[in-house]
Amino acid sequence: IQGFPAFCGTIATMNQSTAVGFPSHWPSECPPADSTACTGEYFHLLTANPPGKDDLKSFAEKERILRHVPRCPCMPYGLSVFTEREDAMFMQRAMPKLGAFIAVLQLRPDDGKAMRTPGQRPSHHTWWPSRDCIRVDKVESIEIVAPGVS
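This one's a predicted model, so the numbers in the text were calculated from it and none came from an experiment.

## Points about the packing of aromatic side chains
Logical step 1: Tallying each qualifying case throughout the model produces 2 aromatic pairs.
Logical step 2: Taking 5.9 Å as the distance between ring centres and 55° as the angle between the ring planes, the aromatic pair formed by W26 and Y77 counts as tilted. You can see W26 sitting in the loop between α1 (16–19) and β1 (36–37) and its partner Y77 sitting in the loop between α2 (59–62) and β3 (79–82), a full 51 residues away along the chain.
Logical step 3: We classify W26 as buried; its relative accessible area is 6%.
Logical step 4: Among the aromatic side chains, those forming a connected cluster through ring pairs are F22, W26 and Y77.
Logical step 5: The ring centre of F90 lies 3.9 Å from the NZ or CZ of R121, which sits over that ring.

Quick look at the structure:
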């Protein structure tokens, strides 16, 4: 797609959303063809423990209006995750409103696709959960990272 950076991915000719078990209302190029099946440990910031109703939702699911044009039409449909705990901790300190807790997620290939989408931190990924993924069930543990929070 002209105007989107390379990390947006190669656009597939078929609607990946229905081909790989993703919501059919997502844009046809979502998740990007360059994304890969999730596997292993990821870290996601939470505002509550246990997770609040919006903690494991995308911008699109929260119906939030983005302040900037997304770099890729798929971005609002994914969740921000990190592959390095230290990067999640850095983002929590830099942007406390994102949450005082870090969820440790254990993801498998049928939980969706992810793609490295570095911004402020090198291990930042965008995770597009599959249609059948029960996100809260992927939370292995929750760590408190903000001082004074219980």
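## Points about the confidence of the model for the protein
Logical step 1: Averaged over every residue, the pLDDT of the protein is 84; the share at 70 or more is 80%.
Logical step 2: Scored below 50 in pLDDT, residues 1–7 makes 13 contacts in the model with residues more than four places away or belonging to other chains.
Logical step 3: Counting contacts from residues 9–19, a segment whose pLDDT is below 50, to residues more than four positions away or on other chains yields 28 contacts.

Cut-offs and rules
- Residues numbered from 1 in each chain as written.
- Predicted model: local features only at pLDDT ≥ 70, side-chain atom pairs only at ≥ 80, totals over all residues.
- Heavy atoms only, no water.
- Phe/Tyr/Trp six-rings, centres within 6.5 Å; stacked < 30°, edge-to-face > 60°.
- Helix = DSSP H or I, 4+ residues; strand = E, 2+ residues; numbered from the N terminus.
- Buried < 20%, exposed > 50% of the residue type's maximum accessible area, 1.4 Å probe, protein only.
- Lys NZ or Arg CZ within 6 Å of the ring centre and 35° of its normal.
- pLDDT = per-residue confidence, 0-100.
- Contact = heavy atoms within 4.5 Å.

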